[in-house]
Amino acid sequence: MLNFTVGPVQSFEEVKRIGAQDVPYFRTSEFSGLLLESEELIKEFACAQEDARCVFLSGSGTASMEAAVANLLSDKDNVIVINGGSFGERFVELCKRYEIPHTEIRCASGKALTCDRLRPFEKKSYTALLVNLHETSTGVLYDLPMISRFCHDNGIFLVVDAVSSFLADEIEMEKSHIDVLLSGSQKALGCPPGISFLVLSRRALNRAADSRYKGLYLNLQSALKNMERGQTPYTPAVGTLLQIHARLLKIRELGGVKTEVERVRKLAKHFRENMCGLPLDIYSERMSNAMTAVSTRKCSAYEIFRILKNEYGIWVCPNGGELAEKVFRIGHIGNLTIADNNKLLAALRELAEKRILR
Ligand SMILES: *Cc1c(COP(=O)(O)O)cnc(C)c1O
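Residues numbered from 1 in each chain as written. Predicted model: local features only at pLDDT ≥ 70, side-chain atom pairs only at ≥ 80, totals over all residues. Heavy atoms only, no water.

Asks: Explain the pattern of salt bridges to me, and be specific about the residues and the numbers.
Replies: Tallied over the entire structure, the rule returns 20 salt bridges. Its salt-bridge partner being E14, residue R247 comes within 2.7 Å of it at the nearest N-O pair. One end of the pair, R247, is in helix α9 (residues 238-253); the other, E14, is in helix α1 (residues 13-19), with 233 residues separating them in the sequence. On the basis of relative accessibility, which here comes to 2%, the residue R247 falls in the buried class. A salt bridge links R203 to D179; the shortest N-O distance between them is 2.9 Å. Of the two residues, R203 sits in helix α7 (residues 202-210) while D179 sits in the loop between β8 (157-161) and β9 (180-184), which places them 24 residues apart along the sequence. It is possible to trace a salt-bridge network through shared partners that takes in E14, R247, E260 and R263. (Salt bridge = Lys/Arg side-chain N within 4 Å of Asp/Glu carboxyl O. Helix = DSSP H or I, 4+ residues; strand = E, 2+ residues; numbered from the N terminus. Buried < 20%, exposed > 50% of the residue type's maximum accessible area, 1.4 Å probe, protein only.)

As structure tokens, this is what we get:
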């Protein structure tokens, strides 16, 4: 199968090699060293503050979304949630479950957030803002400089879910005054699912220290305490952590985060330039390099997903809910090449010639 989904994605040799081996015991100085080195590399690639810290949780990206809301926010907060799709909706649901006072800014599907939507929230009592930098369900990349300026000017604690945009789009934590950046293993890192991580600024670390969260498994106080010696409180997804470490080292060897973002950007650009002529329209107003969401005109998008999978051995990402018949998504993250793009484009052209894609 040729995999153009947004996760799990096609993996890299150095990652697959580790997957073929036994998983080692982990309460060792070697494993601690490796985890601490991964923390440093992630901080470097996130352009994080010098005194920021990173912790790894075993669970998918949602585990870190939940940990951020549960540990770092409380009923004393007044939170703004940017909600433009199913990942925004997930932050709203977390706020509801943990009884965090919140207000949504709803963005129409596929539409960008504009500064006039933020203006009514200026100089009010809002304390924190939650945003999925790339709302992966609709393919919208929110304007980080605009959100960052708004939060900085209003003293608002900024939590950025960068699960699908870390290593695909340019993100500078310190420059953008991001307090929490979270991501996971199975998107642009190109590793199996099972690990997510949070990078915490000094402000976030202070919130964690003062937290009265009672939960055990996603407790950031104990994760941070254990991470001081490069460990986790419970058995983590050890194999996935080894794979993340190998991938981070490889990215550094190839030139670092800028080179990696550029590689993904080129794949996205190539696909977008070459899809003109096909009966498909770009769905999102403002796009991430990680993915292109497209809408069909006169045929079912879900049917195209199914035919590509069953007849061509190609996976694209179908949409759920209201967009299922209209939108499918093409990922540009993971171990993909221009030649892979050309195979997908050829398949789409053939379907267009047969009038199946129309
Ligand atoms: C993939 C993704 C997540 C995490 O989803 P999981 O299925 O829990 O890994 C969270 N936020 C965004 C924006 C994502 O793209």
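Asks: Before we move on, could you go through a negative patch on the surface and cite the residues and values that matter?
Replies: Taken together, the side chains of E40, E44, E50 and E174 make up a negatively charged region of the molecular surface. Relative to the helices and strands, E50 is located in the loop between α2 (29-45) and β2 (53-58). Exposure remark for E50: the relative accessible area of 73% places this residue in the exposed category. (Patch = residues over 30% accessible without salt bridge, like charges linked within 9 Å, V, L, I, M, F, W, Y side chains within 5 Å. Areas by Shrake-Rupley, 256 points an atom, 1.4 Å probe, with all protein chains shown as cover. Lys, Arg positive; Asp, Glu negative; His and termini not counted. Charge placed at Lys NZ, Arg CZ, Asp CG, Glu CD.)

Asks: An account of the packing of aromatic side chains is needed here, citing residue identities and associated values.
Replies: Under the defined criterion, the tally for this structure stands at eight aromatic pairs. On the basis of an interplanar angle of 55 degrees and a centroid distance of 5.2 Å, the ring pair of F121 and Y126 is categorised as tilted. What makes F121 buried here is its relative accessible area of 12%. Three or more aromatic residues joined by ring pairs form one cluster here, namely Y25, F26 and F31. The ring of F157 has R207 sitting right over it, with the charged end atom 4.4 Å from the ring centre. Directly above the ring of F12 sits R247, whose terminal nitrogen or CZ lies 3.5 Å from the centroid. (Phe/Tyr/Trp six-rings, centres within 6.5 Å; stacked < 30°, edge-to-face > 60°. Lys NZ or Arg CZ within 6 Å of the ring centre and 35° of its normal.)

Asks: So what's going on with the sheet that holds strand β11 (residues 280-282)? Residues and values would help.
Replies: Remark on secondary structure: sheet strands pair via backbone hydrogen bonds, oriented parallel or antiparallel. Taking strand neighbours across the sheet as the criterion, the four strands line up as β11-β12-β15-β14 in an open arrangement whose pairing is antiparallel. Here the strands that pair on one side only, and so sit at the sheet edges, are β11 and β14 (317-318). The sheet contact formed by strand β12 (residues 291-296) and strand β15 (residues 327-331) spans five bridges and is antiparallel. Opposite S295, over in β15, you have V327 as the bridge partner. Against the sheet, helix α11 (residues 301-312) engages β12, β14 and β15, with an angle of about 45 degrees to β15. (Pairing = 2+ DSSP bridges. Contact = heavy atoms within 4.5 Å. Axes fitted to C-alpha atoms, helices over the stretch in contact; angles between N-to-C directions.)

Asks: Lay out the sheet that holds strand β5 (residues 128-132) with the relevant residues and their values.
Replies: Taking strand neighbours across the sheet as the criterion, the seven strands line up as β2-β10-β9-β8-β5-β3-β4 in an open arrangement whose pairing is mixed. In this open sheet, the two edge strands, each paired with only one partner strand, are β2 and β4 (102-106). Across the sheet, the mean angle from the axis of one strand to that of its neighbour is 20 degrees, orientation sign disregarded. Direction of pairing for strand β3 (residues 79-83) relative to β4: parallel, over a ladder of five bridges. Across the sheet, V79 pairs through a bridge with H102, a residue of β4. Contacts from helix α4 (residues 86-97) reach β3, β4, β5 and β8 within the one sheet, and its direction differs from that of β3 by about 150 degrees.

Asks: Lay out the site of the ligand with the relevant residues and their values.
Replies: Taken together, 13 residues are adjacent to the ligand, and S60, T62, T136, D161 and K187 come closest. T136 is positioned such that a nitrogen or oxygen atom in its side chain is 2.5 Å from an oxygen atom of the ligand. Here the ligand loses 88% of its free accessible area of 380 Å² to cover by the protein chains. Sorting the residues of the shell around the ligand by element identifies α3 (61-72) and α4 as the ones contributing at least two each. Classifying every residue of the shell around the ligand by side-chain character gives three nonpolar, seven polar and three charged. (Near = heavy atom within 4 Å. Polar contact = N/O pair within 3.5 Å; in protein donor to acceptor, adjacent residues only side chain to side chain. Nonpolar A, V, L, I, M, F, W, Y, C, P; charged D, E, K, R; others polar.)

Asks: Tell me about the nonpolar core, residues and numbers included.
Replies: Membership of the largest hydrophobic core comes to 102 residues, with the highest contact counts inside it found for I82, L129, L181 and L198. When sequence neighbours within four positions are dropped, the list of residues in contact with L181 reads A46, V160, A162, F166, I171, M173, F197, L198 and V199. Judged by nonpolar contacts, the second largest core, of 26 residues, contains L2, L267, A301 and I307. (Core = buried A, V, L, I, M, F, W, Y, C linked by side-chain atoms within 4.5 Å.)

Asks: Talk me through the side chain of N83; I want residue IDs and the actual numbers.
Replies: Its location among the elements puts N83 in strand β3. Not counting residues within four places of it along the chain, the set of residues in contact with N83 comprises G88, E89, V92, E104, I105, R106, C107 and Y142.

Any link to function would need more than the numbers given here.
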